[in-house]
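# An overview of the molecular structure
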Protein chains: 2
Amino acid sequence: MTDPNRPAAGATPAYSELEQRHARIYRFEHLGSIVGWDQAANMPPKGNEARAAAMAELDTLLHGLRTDAWLRDLLQRAEDEPLSDWQRANLREMRRDWRASNALPARLVEQRTLATARCEHAWRRQRPANDWAGFVENFRPVLRVAREEAQCLSQETGLAPYDALMDRYEPGMTSAEVERVFGDLKTWLPDLVRKVQERQRDEPVLLPQGPFARPAQKAISLAMMQRLDFDFDAGRLDESTHPFSGGVPEDVRLTTRYLDHDLHQSLMGTVHETGHARYEQNLPRSWLGQPIARARSYGIHESQSLSFEMQLGAHPGFVRMLVPMLVDHFGAQPAFEVDNLCRLMTRVKPGFIRVDADELTYPAHVILRFEIERALIEGGLEVEDIPALWDAKMADYLGVDTRGNFADGPMQDVHWPSGAFGYFPCYTLGAMYAAQWFAAMRRATPDLDAQIEAGNLKPVFDWLSQNIWQQASRWETPELALRASGERLNPAHYRAHLEQRYLG
Amino acid sequence: MTDPNRPAAGATPAYSELEQRHARIYRFEHLGSIVGWDQAANMPPKGNEARAAAMAELDTLLHGLRTDAWLRDLLQRAEDEPLSDWQRANLREMRRDWRASNALPARLVEQRTLATARCEHAWRRQRPANDWAGFVENFRPVLRVAREEAQCLSQETGLAPYDALMDRYEPGMTSAEVERVFGDLKTWLPDLVRKVQERQRDEPVLLPQGPFARPAQKAISLAMMQRLDFDFDAGRLDESTHPFSGGVPEDVRLTTRYLDHDLHQSLMGTVHETGHARYEQNLPRSWLGQPIARARSYGIHESQSLSFEMQLGAHPGFVRMLVPMLVDHFGAQPAFEVDNLCRLMTRVKPGFIRVDADELTYPAHVILRFEIERALIEGGLEVEDIPALWDAKMADYLGVDTRGNFADGPMQDVHWPSGAFGYFPCYTLGAMYAAQWFAAMRRATPDLDAQIEAGNLKPVFDWLSQNIWQQASRWETPELALRASGERLNPAHYRAHLEQRYLG
């Protein structure tokens, strides 16, 4: 508490009590984060029921702590206390937390839990069975609850209903703004995709030949994390079906998965999650436990994973560093040549699946989902109307025929069955911010690419640490972007990055 | 709730509320068990501070739930409600829980936490430095608090002070009873040790030659767990510095450790922990969450690990099953011959360290500690007096000279620095009960040894499941022993087992 940003507690009784209460919430959240990671990475099947019950008990406790009526009074009184800038920003985030926890009536929270649990549970079987009709039965109640939730949040925040849902993931972002940047994308991206496909048509590219022993894949993953300055004293790498970055900032648990014949999944999965992990590991230590020390938003979080995976991971300088590791573990093969690996990582091929999409076609998957889910929440689109609209947009944006394929169509993501409407835009906003950060870095360090080529990643990490990681939730997102890069979100950098990489 | 042991809740409002409250406590304990296991098996060093804070917050919450004054009223009212036998036994265990949680004033709990944390923390450095003088400074306050604690518990329970401490681990056991059985041991064990040493003097025994690759050790550990019917859908095996069995009954987490040149540690460590694990995995499912479904006591828990490690693990039939696994992974060597491995496992050699002691000299380590700690709590023995008494007893019981070696003398165990007075007897009580269980099994299944030789362990597991595991805390320990084996604790079976194995 010798931090100059923290005046003596005596003068700020209400604010100080709020800090204590949030520190307590943080400590309980720690338990949930670790057992949640454990559930995905370690837990045997028969542990699930007891685990779910324990986590639900914790959720109930946390909900109670967050909705304690006394908080409203403390938040009010703290407004009039003499606070430092950081404390005032922390108070703003506490208020956001309070609003998010209290906006929904308990009845609606319960309905949401039931509807999404049922829908997601059934979806795990229905998706492989391509059972759209069965899915619709469970998805209709999920949408009904989400619409009601959007109305509640809209009344509370004054935002449009879909915007109010999106605000949970990307505070301050509006659908008007998303429309503006996605609209811009739509004017040039389809043409770029066509041009690049044309150009790549006769380009030779070799696939690395497996099998690739899993311990060797793991050793390379660990070596890459080391090169990316992951702090192994404050985190670890494990395996799970779906890679993620979990745990707590003091102890980040990231996971990847190893496939016998596909190196790309584990290696780029690890690089991606390491981006998330380094953000968490480098949030401001002295504020950990307070809402201000949280990562700014999901879009900004994706901007870190994509800074690592797309900006850095597919950079020829980074690939050059990777090659000796591959040769060391799997022996030399022609596919391990730097130019070939770079071509492989930038290969453009429109497909059905978002998570398997290349850098260039990925945004089309996101735009399509944004347009459909917004219409579901606000535009009167009904569940029955999704497939036709999906097919039309996939044909339009990516030129692929998805008719009748629900499993790899509107049923492919976990987001909708679990009620996470408003999340999808974060992925592409993240990709745009990542390009914007690297443009700013190149202005600050004109020989940045030569540095990366020489294996020196320090300028990248220093810039991210100073401008993003250490800022945590100090600023609202537009202000964060402005301070970091001199401007608010500007998709021109994303376009320039893609044109340079794919046509340059 | 169709269990005939559970009448409708309507008739038992107080008891039913108690069940609900204990189920909630159980769910919170689940979180503590998993993050506690994670702390030992996974956590990187920088995670420790946040983890300790999160676990302390959970402990505070649990203490609050356990000492809620309303419980006293519920316990009182439930006594007059129409309960089944199981419910009444559950109520008895709830009362035990209440008493244990409420016996100590908050001030004393806090003093104990501070004193033991400081002493144990310093001990980790002081022990390797053989710094007895430094240790004494921190240990004196630990003893002072323990004596006060013993007084409090004594007043609450009516037991003698040391007995009141022991009652936390082995409910119902008294020091008079421990003295009786240990006194009996002392009349014949030293002589037996001498005879066996004499007999083994010229017996050839070969040590397996390493190094032993760790993945192979792990594969054998897993194969042995499989043979011992560990349910891998409800638990897993990991590594930690000190092997233990943790987690929850629905998801048991056991750990072992692998040394490059010592197979015995990992293999027998795994067999030992698997005994603990199977007890937990086979507690009565329909009662999980209630105090009655907990393992009966630490002594009974040790009787399971020692049933597996000593009764079964060192059985020639079990060793015969182990040999092909060893040869498979490490190739044939003369030391892997069945007779040699059996001789190795039963080699008697008095030494300084309890945890490294063989089956025959182990009780001497326990008796010595029991006698010293009882005198510390009740007999006016002071911390300064320990080394001389330790040296004298080690010379007397084991014929070894420990003078000046505090590190491998009175500083070797974590129990005293952490204030766990009264635990040590459980180890030898467990060994005695294990022998008593196997004697009862042999009466029930006269060809038990032939069955084990033939690789059929089912009679062992069936007997333990029916008589111990499924009984959980249904009975007080003497009643459990009586129902299981026809008599209360009887050390004659232990003597017969040792004489048969070592002189037979």
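The rules behind these values
- Residues numbered from 1 in each chain as written.
- Chains lettered and ligands numbered in written order.
- Predicted model: local features only at pLDDT ≥ 70, side-chain atom pairs only at ≥ 80, totals over all residues.
- Heavy atoms only, no water.
- Helix = DSSP H or I, 4+ residues; strand = E, 2+ residues; numbered from the N terminus.
- Rg over C-alpha atoms; globule rule 2.2 N^0.38 Å.
- Buried < 20%, exposed > 50% of the residue type's maximum accessible area, 1.4 Å probe, protein only.
- Contact = heavy atoms within 4.5 Å.
- Areas by Shrake-Rupley, 256 points an atom, 1.4 Å probe, with all protein chains shown as cover.
- Lys, Arg positive; Asp, Glu negative; His and termini not counted.
- Charge placed at Lys NZ, Arg CZ, Asp CG, Glu CD.
- UniProt positions renumbered as here; feature names shortened; annotations may be inferred.
- Pairing = 2+ DSSP bridges.
- Axes fitted to C-alpha atoms, helices over the stretch in contact; angles between N-to-C directions.
- Least-squares fit on C-alpha atoms with pLDDT ≥ 70 in both.
- Buried area = accessible area lost by both parts, 1.4 Å probe.
- Salt bridge = Lys/Arg side-chain N within 4 Å of Asp/Glu carboxyl O.
- Expected span 1.5 Å × (residues − 1).
- Bend = angle between axes of the 7 residues up to and from the residue.
- Parallel < 35°, antiparallel > 145°, perpendicular 65-115°, else oblique.
- Left-handed = near helix turned anticlockwise from the far one by under 90°.
- Nonpolar A, V, L, I, M, F, W, Y, C, P; charged D, E, K, R; others polar.
- Polar contact = N/O pair within 3.5 Å; in protein donor to acceptor, adjacent residues only side chain to side chain.

## Some details on the overall build of chain A
- Within chain A, the regular secondary structure consists of 20 helices and 3 strands.
- Relative to the 2.2 N^0.38 estimate, which gives 23 Å for 504 residues, the radius of gyration of chain A is 23 Å and therefore close to what a compact globule would have.
- Classification of the 504 residues of chain A by burial places 57% in the buried group.
- A separation threshold of at least 6 residues defines the contact pool for chain A, and within that pool the share at least 24 residues apart is 74%.
- Within the structure as shown, chain A displays about 20,700 Å² of accessible surface, and the carbon and sulfur contribution to it stands at 52%.
- One finds the centroid of the 57 positive side-chain charges in chain A at a distance of 1 Å from the centroid of its 71 negative side-chain charges.

## Examining the UniProt feature "binding site: Zn(2+)" (unreviewed entry) in chain A
All names here are of chain A.
- The UniProt feature table records "binding site: Zn(2+)" (unreviewed entry) at His272, His276 and Glu302. Considering the C-alpha atoms alone, the annotated residues occupy 31 residues of sequence yet fold into one spot, their largest mutual distance being 8.9 Å.
- For His272, a relative accessible area of 15% puts it in the buried group.
- Excluding its chain neighbours within four sequence positions, the residues that come into contact with His272 are Glu302, Ser305, Leu306 and Glu309.
- Structurally, the position occupied by His276 is in helix 10 (residues 263-281).

## Let's talk about the sheet that holds strand 1 (residues 235-239) of chain B
Residue and element names in this part refer to chain B.
- The mixed open sheet is built from 3 strands, whose spatial order is 1-3-2. At either end of the open sheet lies a strand with only one pairing partner, and these are strand 1 and strand 2 (245-248). Between one strand axis and the next, the sheet turns through 20° on average, direction left out of account.
- As paired elements, strand 2 and strand 3 (residues 251-256) share 4 bridges and run antiparallel to each other. In the sheet register, Gly246 faces strand 3, and the bridge partner there is Arg253.
- Along the sheet face, helix 10 (residues 263-281) touches strand 1, strand 2 and strand 3 and points at about 165° away from the line of strand 3.

## Here's the deal with the relation of the copies chain A and chain B
- If you rotate chain A by 180° and push it 0.0 Å along the axis, it lands on chain B with an RMSD of 0.0 Å. What the superposition gives is, in effect, a two-fold axis relating one chain to the other.
- Of all interface residues in chain A, 100% are interface residues in chain B too; the two copies therefore contact each other through one and the same surface.

## Here we look at the UniProt feature "active site" (unreviewed entry) in chain A
All names here are of chain A.
- According to UniProt, the feature "active site" (unreviewed entry) maps to Glu273 in the numbering used here.
- Within the secondary structure layout, Glu273 lies in helix 10.
- Those residues in contact with Glu273 that lie beyond four places of it in its chain are Pro243, Phe244, Ser245, Leu254 and Thr255.

## What to know about the interface of chain A and chain B
- Counting from both sides, the interface comprises 32 residues of chain A and, opposite them, 32 residues of chain B.
- Interface of chain A and chain B: buried area, both sides summed, is about 2,900 Å²; carbon and sulfur atoms make up 61% of it.
- Looking at the side of chain A facing chain B, the largest losses of area belong to Leu31, Lys46 and Glu57 of chain A, adding up to 20% of the total buried there.
- Taken together, the connections running from chain A to chain B amount to 10 salt bridges.
- Here Arg253 of chain A and Asp38 of chain B are joined by a salt bridge, their closest N and O atoms 2.8 Å apart.

## Here we look at helix 6 (residues 132-157) of chain B
All names here are of chain B.
- For helix 6, built from 26 residues, the straight-helix expectation of 38 Å at 1.5 Å per residue is met to within 8% by its first-to-last C-alpha distance of 35 Å.
- The largest bend along helix 6 reaches roughly 35° and is located at Asn138, with the proline Pro141 sitting one to four residues downstream.
- Directly beyond the C-terminal end of helix 6, a positive phi value near 80° is found at Gly158.

## Some words on the packing of helix 3 (residues 70-78) of chain A against helix 4 (residues 85-102) of chain A
All names here are of chain A.
- For the pair helix 3 and helix 4, interaxial distance at closest approach is 11 Å and the crossing angle is 155°. By the criterion of interaxial angle, the relationship of helix 3 to helix 4 is roughly antiparallel. Here helix 3 runs over helix 4; the crossing is left-handed. Between helix 3 and helix 4, the residues in contact are Leu71, Arg72, Leu75, Gln76 and Ala78 and Leu91, Met94, Arg95 and Trp98, respectively.
- When grouped by side-chain class, the residues that make up the contact of helix 3 with helix 4 number 6 nonpolar, 1 polar and 2 charged.

## Points about the sheet that holds strand 3 (residues 251-256) of chain A
Residues and elements named next belong to chain A.
- Taken together, the 3 strands give an open sheet; going across it, the order is 1-3-2, and neighbouring strands pair in mixed fashion. In this open sheet, the two strands that pair with only one neighbour each are strand 1 (235-239) and strand 2 (245-248). Neighbour-to-neighbour, the strand axes of this sheet turn through a mean angle of 20°, independent of strand direction.
- Note that strand 1 and strand 3 share 5 bridges and pair parallel. Bridged to Arg236 within strand 3 is Arg253.
- Relative to strand 1, helix 1 (residues 13-41) is tilted by about 30°, and along the sheet it contacts strand 1, strand 2 and strand 3.

## Quick look at the side chain of Thr255 of chain B
All names here are of chain B.
- Of note, Thr255 is situated in strand 3.
- With a relative accessible area of 0%, Thr255 lands in the buried category.
- A polar side-chain atom of Thr255 sits 2.8 Å from a polar atom in the side chain of Ser240.
- If near-sequence neighbours (up to four positions away) are discounted, Thr255 is found in contact with Trp37, Leu237, Asp238, Glu239, Ser240, His242, Pro243, Phe244 and Glu273.

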